[in-house]
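A look at the structure
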Number of protein chains: 2
Amino acid sequence: MTQFYSKRDLKFQLFELIKADELNQIEYFQDHNRETFEMILEAADQIAQKSLRPLLTEMDRNEPQLEDGKIKIHPGMKSIIQQFGRDGWINATFSYEEGGQQLPWTIHIAAGFILQAANYSASVFPFLTTGAANLIRSFGSQELIEKFTPNLYSGLWQGTMALTEPDAGSSLSDLSTTAFPTDEAGVYKIKGQKIYISCGDHDACENIIHLMLARIDGAPARTKGISLFVVPQKRIDTQESNDVLTQGIYHKMGYKGAPIAHLMIGSEDQCEGYLVGEANLGLKYMFQMMNEARLGVGMNGVAIATAAYYSSLAYAKERPQGRRINNKDLNQPQVPIIEHADVKRMLLFQKSVTEGSLGLLLYCSKLADEVQREPNSEKKKAKEALLDLLTPIAKSYPSEMGVHSTSAAVQILGGAGYTTDFPVEQYYREARIHPIHEGTTGIHGLDLLGRKVLMSEGLAWKLLHQEILKSLNQSSLDPNLKSRFEKYHRIVLETAEKVLARSKKGLEYYLADATLFLEMCGILCVAWKWLDQSNIAQSQLNGGSPEKAFYKGKIMASEYFMEYELTKIESLAARLQSESYPTLEMKNDWF
Amino acid sequence: MTQFYSKRDLKFQLFELIKADELNQIEYFQDHNRETFEMILEAADQIAQKSLRPLLTEMDRNEPQLEDGKIKIHPGMKSIIQQFGRDGWINATFSYEEGGQQLPWTIHIAAGFILQAANYSASVFPFLTTGAANLIRSFGSQELIEKFTPNLYSGLWQGTMALTEPDAGSSLSDLSTTAFPTDEAGVYKIKGQKIYISCGDHDACENIIHLMLARIDGAPARTKGISLFVVPQKRIDTQESNDVLTQGIYHKMGYKGAPIAHLMIGSEDQCEGYLVGEANLGLKYMFQMMNEARLGVGMNGVAIATAAYYSSLAYAKERPQGRRINNKDLNQPQVPIIEHADVKRMLLFQKSVTEGSLGLLLYCSKLADEVQREPNSEKKKAKEALLDLLTPIAKSYPSEMGVHSTSAAVQILGGAGYTTDFPVEQYYREARIHPIHEGTTGIHGLDLLGRKVLMSEGLAWKLLHQEILKSLNQSSLDPNLKSRFEKYHRIVLETAEKVLARSKKGLEYYLADATLFLEMCGILCVAWKWLDQSNIAQSQLNGGSPEKAFYKGKIMASEYFMEYELTKIESLAARLQSESYPTLEMKNDWF
């Protein structure tokens, strides 16, 4: 079986870069230590290797189908979902009282990375159930918790997030699914439709539990009138239909193994939904889970790109073609293509983008664990601000670069990579969803520049640069690397100042290139995490570590990133500092 | 039916930008004029709309299958191929004596653009037949011409280019298919295998005629011992098998309608091949067609990206979602997403990349027509040098950007774009082949920097910059646009000087970033063609043209390109001028 991630690198990221073992200083995690974390990762590796990976291609070739109103998925998924439940994956981060393991979210997402790299489609099922259960346990009544969570934790039932509607995708304000009060408190009749609901229906679980956004009849407009409901596919007491109809299935370019449903809710006025928490706070609840969900999407992007990287690396080491540029002697055998500088460039690109993104995402994940458990309100506020700022970046950069990185993997394989004989074309198709999932890149650009950079008078933006300066002062850093980074860091700060000044000119001008601003920040942040990785690697090498190849690889990938990726800031800054606005001046009928 | 290209823009490119009607000053084309050219384009439009476009999705969903040793393709292709033959498309550029129309290649490729935008898979069949027939008529004996070309021209037989072998893809030197002389002069027994042969077998034609590279037994090593053969699938006289077996079919990510075969040749020593021209000149012959073939691949990339652009444009104009950034009043209806700056950015990106690339490709096509017919040897040499230099650029930039451009189309549609309900995901999959076809981007980087820039003491490189300066001196050019272009032009020249100086350091250093050098030249050349387009548009507007929207769109797309794309040269130059070489220093076991 071709390698699809690196255990060594994941341990480096967790225990050398972000020092995840320090999390056990937090009371909630006190029973954990590096050893328990490694056991969990090893368990994830086992499921990934034995259960998920063998179905990767099959699940792509035999996509789910809607038959007689029911979506049929790959028959292998049933036992996988049950295993996730049995082994405690779904509620691993929850408290002991809830039957969980009080596992840091950081370790949970790291384990998720392994599963996603093995088979992204299969990894989607338990991830959604965890998200749905988390909403119920966090904001639901004791009655809802008791009624719904046990069977979600066990994998008997599937959880979903039912947000999107035909007229409300990026614009959730326009949500029109309606909840009508009944005589029974907390029970509503729901009516509407939802589209693009991941795992919204399938035959591997006995029930599907939708965490659904809807507007209580007469509620305020905009996002202020949106409530959260639990809407099961079957009534819990009778096991009969709850009037949630699977109207359609979406066939899609990639991650075909996970079904996406179009649901009609309450078309016969028989759909019961149960209010979670208070009325009109639905979006607020949802958004309290949003940082984690968005980091999760970034992680999906990295995971798929990592699998593609190792696939193309294995090919490049084996495939003989051509000779080195200085030796065209045909009597010599052909060399493996990894010997060609351009192939090495594409491999270094993938390595630097994936390992750099992974570092950033795990850094954010640790922040998320800390924020949740931080007793000191001042510190909590600061950490939360930094996490809020970094989330759109850590969601978008890995997602966007996952597309380019998997594309490089295809390119290394050449014609072979374009065929279905190798998995890289599948990775390429699958990676394309992440710039769309959980808010498109454009939306995150607006979030970053329009909200996060400005909030609390720029508190988070200042904190970020303080943290970057800390990294720059690390002892083992190569002065040359340091000065190059400093140059681009300065360009980003200058550019941000110019862009911020533009807000006086009007919001449209200020936000016109928010996506490019986001891209620039993504490059800077990943370069920052490469500073840290490079520092650790250099001090290991200085200390005579026997793992020379591993740490040399880190130094070189860092060097690559500074040379080929960080430099992209120059062009982005040139554009962002310009006062010409073609995207605002262009008229619709000029296209 | 959604628009898949713009007639107006194609006419602009042909008759305003490159002035294709001037080609009738060349004797061979003297019977042609703008009117005949437009008739041909109209005929292409008709076939595209009526025959090709309706099969676009179907051909993707029902891909060819190998059954009992024969590849079965979509049944609709048979009549399409016959129509191509009947209407004279296959030999349109050939002489009247050959039954052709003496059509300039420029118009042929422009018509091809329409067909490719309508249905890329379907367009592949006649294109390959034309290429094969062209080799026979240009280099084959009268006997071969008479024996093979009529049925190729009529579409009764399919032509192919059979180059690639398992061990000889990018490295054709390592070709091992062998031709053994027989008693009959010009007739050889061929033995070997070929992979990735486009249209290498299918059931819509009565015979498949392979133009195959092989090494005559005992011939010199390297490319110097490669000969070209005509190898039919069935013997012409008996219609019996010529021992060319279809061993396999490749299933691929995109353009699934065109079959790609794995062929076993002469496994029973019964395969007859007929030498084309002289022995050992096979690669030379093939390469005389290469500029056109490579421009053709660039055109495929633009055509698919153009179809994706119009698909996403139509969607953006219709799909309501959200409100303008300065108006969040929910009582107002949602606006079409084209009103959002970031969506306009993605549309302008597509427009500027596709129309800019089309301009460059048609400019090169006209050069190709002129080179072929130029009587003055000095002028011919200059034009040929310029064409040789531009070919890797005009192949690679549109191919690489086709990937990014179709990706932007998917992004505009969001979740919908990822589903098979819209054609953009298909375009995205299809566009990915072009950076691989006809030499990967890496190979073209080496060709440009290692050969074309250096040839005839830099003659072509100097000519290119002379031509660029001519464009800069155009009368209607906005001085601001001009000065921005000049800045980046200067950066390219300075960077090229630094890179050229590096050749003293060693070939590996000189060529390490050839792909980035190619990318930089691609951006410059497309910006150059935008200068020309902008100049024409401005003088039309100055002259009071009633087509204000069209020409304003040109001005704005040009502005976009200079602001968002030309600026990328800064980062590329920063990297190319650096003296750090991670791709050369990285060791295989450090990955």
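In the nomenclature of an unreviewed UniProt entry, chain A corresponds to Butyryl-CoA dehydrogenase from the organism Algoriphagus ornithinivorans. Per UniProt, chain A has the following entry under Cofactor (unreviewed entry): "FAD". Chain A has a UniProt comment under Sequence similarities (unreviewed entry) that states "Belongs to the acyl-CoA dehydrogenase family."

This part is about the side chain of Thr441(B). Relative to the elements of secondary structure, Thr441(B) occurs in helix H14 (residues 441-452). Look at Thr441(B) and you get buried, because its relative accessible area is 6%. In terms of polar contacts, Thr441(B) uses its side chain to reach the side chain of Glu400(B), at 2.5 Å. Apart from the residues lying within four places of it in its own chain, the contact partners of Thr441(B) are Gln411(A), Ser396(B), Glu400(B), Pro435(B), Thr515(B) and Leu518(B).

You'll often see interface size given as the accessible area lost when the parts meet. Chain A puts 98 residues into the contact, and the matching count from chain B is 98 residues. Counting the surface chain A buries against chain B, the share from its top three residues, Tyr418(A), Trp590(A) and Phe591(A), is 11%. Taken together, the links from chain A to chain B amount to 6 salt bridges. For the salt bridge of Arg575(A) with Glu563(B), the shortest nitrogen-to-oxygen distance reads 2.4 Å. Counting across the interface, chain A meets chain B through 58 residue pairs in polar contact (both at pLDDT 80 or more). The element that contributes the greatest number of residues to the side of chain A that touches chain B is helix H19 (residues 548-565) of chain A, accounting for 8 residues. Here the residues of the side of chain A that touches chain B are counted per class, giving 40 nonpolar, 28 polar and 30 charged.

Moving on, we come to the pattern of salt bridges. Note that side chains of opposite charge can pair when their charged atoms are close. All names here are of chain A. Tallying each qualifying case throughout the model produces 72 salt bridges over all chains. Between Lys 383 and Glu 370 there is a salt bridge, and its shortest N-O distance comes to 3.4 Å. Of this pair, Lys 383 sits in helix H11 (residues 377-413) while Glu 370 is found in helix H10 (residues 341-373), placing the two residues 13 residues apart along the sequence. In this structure Glu 370 comes out as buried when scored by relative accessible area, which is 17%. One salt-bridge network, held together by shared partners, links Glu 22, Lys 366, Glu 370, Glu 374 and Lys 383.

About the cut-offs
Residues numbered from 1 in each chain as written. Chains lettered and ligands numbered in written order. Predicted model: local features only at pLDDT ≥ 70, side-chain atom pairs only at ≥ 80, totals over all residues. Heavy atoms only, no water. UniProt positions renumbered as here; feature names shortened; annotations may be inferred. Helix = DSSP H or I, 4+ residues; strand = E, 2+ residues; numbered from the N terminus. Buried < 20%, exposed > 50% of the residue type's maximum accessible area, 1.4 Å probe, protein only. Polar contact = N/O pair within 3.5 Å; in protein donor to acceptor, adjacent residues only side chain to side chain. Contact = heavy atoms within 4.5 Å. Buried area = accessible area lost by both parts, 1.4 Å probe. Salt bridge = Lys/Arg side-chain N within 4 Å of Asp/Glu carboxyl O. Nonpolar A, V, L, I, M, F, W, Y, C, P; charged D, E, K, R; others polar.

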